[in-house]
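Residues per chain are reported as follows:
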Amino acid sequence: MSAAEDAGFMHQALALARRAWGATDPNPMVGCVLVEDGRVVAEGFHAADGGPHAERVALTNLGRRPNPGCTLYVTLEPCSTEGRTGACTNAIIAAGIGRVVVGTADPNPDHSGNGFAVLRRAGVAVTTGVLADECADLNLLFNNWITRREPLLAGKLASTLDGRIATRSGDSKWITGEVARADVHRWRRLFPAIAVGAGTVLTDDPQLTARREGSGVACPIRFVFDGRLRTVVAGHLPRVYTDVFAAKTIVVTTQHAGSGYVRKLRDQGVGVWIFETASGRVPLGLFRARCAKEGITGVLFEGGAELLSRALIEREIDYLMVYSAPVLFGDDRAKAGVSGLRTDRLAQAIRLSGVRRESLGDDALVRGRLVYPDKVNVDETVFSLG
């Protein structure tokens, strides 16, 4: 096979893997195709945690022994440990596969490269690194979790070209178009949790569910950051505390909140995480640690500007997604997406690495991992940590 042909079949394996978008956590998404004489004869993908791996699904779907010269394409290095479903390397060798083409190595440092070594010792030809960046990007949450043993905390912004998320009067619906907003719901389906601040809940009364045409409604864990339970003091409880998914809402607060309000939330079936802090703000490092303890692999911070700004100041956002619309406000009193940092020199700027760009109708998405400078200066006149 030529490099171009290998890439083409790997693209098909990636498309298969994406069929399980948001359904495999905490496992990775993996796709696999079997190719004989330049033609796909079977395919498979890992559909859910605990289910068979993509390679075994493809071999089962073939329904016969592969022909000599059959090539297996898979987006992630085949596992070489027994686990719950048996080592995929054993299944590949037993099937008589002569060549395996892999997108990316297992990110787990304890296992990385072991599958390749097992296959090669058995006489299987192994080609690695085909569409490696795309295959790694597919599993942002899994890769972060397996290497760092902590959740990926990602921020999301939808802004004008000049970085504004609302007019001076607060008008913000809608800055981005339908295609970009649909993409947000796609990412909501991937992340096991979403986080917003109390101001967003009080102003917008959001549903915080993943709604996509043809896919039904999915509800991730919904975190509401409310250090003094302002959202409960209000006479009318927000929908995230009263809808059919209320049990999937967790209010993140502090000991400064009234015990009566905590009881009111719990009576609604809403979860409450209480953190000890000198101020009324939740230390985001403690929140990250609690998520890790609970096995939550990723949290998408959707708003508002104060929560995201504070997370950047505390260096607790790992990844950023910015949806940019071809709109200009040109108004210094319009609401900025982030604030509170004092950047006197370019060397003090927060940058993105591993940047990926996508066009979404007239809008654009730029996303990547955050790289923080050695020191972050806080402009106390704009933003206070409290």
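See above for the structure.
Residues numbered from 1 in each chain as written. Predicted model: local features only at pLDDT ≥ 70, side-chain atom pairs only at ≥ 80, totals over all residues. Heavy atoms only, no water.

Enquirer: Explain the side chain of Asn 27 here, please?
Expert: Assignment of secondary structure puts Asn 27 in the loop between α1 (3–18) and β1 (31–36). A distance of 3.2 Å separates the side chain of Asn 27 from the side chain of His 46, its partner in a polar contact. (Helix = DSSP H or I, 4+ residues; strand = E, 2+ residues; numbered from the N terminus. Polar contact = N/O pair within 3.5 Å; in protein donor to acceptor, adjacent residues only side chain to side chain.)

Enquirer: Sorry if this is basic, but what is going on with the packing of aromatic side chains here?
Expert: Where two aromatic rings form a pair, the distance of their centres and the angle of their planes describe that pair. Summed over all chains, the structure comprises eight aromatic pairs. Judged by centre distance (5.8 Å) and plane angle (40°), the rings of Phe 225 and Phe 301 are tilted. One end of the pair, Phe 225, is in strand β11 (residues 221–225); the other, Phe 301, is in strand β14 (residues 298–303), and 76 residues separate them in sequence. Each member of the pair, Phe 225 as well as Phe 301, is classed as buried. Centroid distance Phe 287 to Phe 301: 6.2 Å. Interplanar angle 90°. Geometry classified as edge-to-face. Residue Phe 287 is found in helix α11 (residues 284–294), and its partner Phe 301 is found in strand β14; the two are separated by 14 residues along the sequence. Phe 301 shares its class with Phe 287; the two are buried. Following the ring pairs from residue to residue traces out a cluster consisting of Phe 223, Phe 225, Trp 273, Phe 287 and Phe 301. Against the face of Trp 21 rests Arg 186, its NZ or CZ located 4.6 Å from the ring centre. In this structure, Arg 290 packs its charged tip against the face of Trp 273, placed 4.3 Å from the ring centre. (Phe/Tyr/Trp six-rings, centres within 6.5 Å; stacked < 30°, edge-to-face > 60°. Buried < 20%, exposed > 50% of the residue type's maximum accessible area, 1.4 Å probe, protein only. Lys NZ or Arg CZ within 6 Å of the ring centre and 35° of its normal.)

Enquirer: Just checking my understanding: could you explain the pattern of salt bridges for this structure?
Expert: Here the idea is simple: oppositely charged side chains can pair when their charged atoms come close. Applying the stated rule across the entire model yields 19 salt bridges. We note a salt bridge from Asp 137 to Arg 367, for which the minimum N-O separation is 2.8 Å. Here Arg 367 lies in strand β18 (residues 363–371) and Asp 137 lies in helix α5 (residues 132–138), a separation of 230 residues in the sequence. Pair check on accessibility: Asp 137 and Arg 367 agree, each one buried. (Salt bridge = Lys/Arg side-chain N within 4 Å of Asp/Glu carboxyl O.)

Enquirer: Mind showing me how you'd approach the layout of surface pockets here?
Expert: Picture a little ball the size of a water molecule; that probe, rolled over the atoms, points out where space is still empty. In this model, the second largest pocket occupies a volume close to 590 Å³. Every residue lining the second largest pocket is counted, 30 residues in all, and those nearest its centre are Asn 27, Pro 28, His 53, Cys 79 and Phe 142. When residues of the lining of the second largest pocket are traced back to their parent elements, those giving at least two are α2 (54–62), α4 (114–121) and α6 (140–148). (1 Å grid on protein atoms, 1.4 Å probe; cavity = no way out; pocket = protein on both sides within 12 Å on 5 of 7 lines; lining within 4 Å. Points joined across faces, edges and corners; volume = space filled by probe spheres on them.)

Enquirer: Please explain the packing of α2 against helix α3 (residues 88–95) as it appears in this structure.
Expert: A pair of packed helices is characterised by two quantities: the angle between their axes and the separation of those axes. Across the interface, α2 lies against α3 with an axial gap of 9 Å and an inter-helix angle of 30°. Here α2 is positioned roughly parallel relative to α3, judged by the angle of their axes. Read as a crossing pair, α2 and α3 show a hand that is left-handed. Residues Glu 55, Arg 56 and Leu 59 of α2 touch α3, and the partners they reach there are Cys 88, Ala 91, Ile 92 and Ala 95. By residue class, the composition of the contact of α2 with α3 is five nonpolar, no polar and two charged. (Axes fitted to C-alpha atoms, helices over the stretch in contact; angles between N-to-C directions. Parallel < 35°, antiparallel > 145°, perpendicular 65-115°, else oblique. Left-handed = near helix turned anticlockwise from the far one by under 90°. Contact = heavy atoms within 4.5 Å. Nonpolar A, V, L, I, M, F, W, Y, C, P; charged D, E, K, R; others polar.)

Enquirer: Explanation requested: the sheet that holds strand β3 (residues 71–76) in the structure shown.
Expert: The strands that make up a sheet pair up through hydrogen bonds in the backbone, lying either parallel or antiparallel. The mixed open sheet is built from five strands, whose spatial order is β2-β1-β3-β4-β5. Here the strands that pair on one side only, and so sit at the sheet edges, are β2 (39–45) and β5 (125–127). Averaged over all pairs of adjacent strands, the angle between their axes in this sheet comes to 20°, without regard to strand direction. With six bridges connecting them, β1 and β2 associate as antiparallel partners. (Pairing = 2+ DSSP bridges.)

Fair warning: the whole summary comes from geometry, so function is off the table for now.
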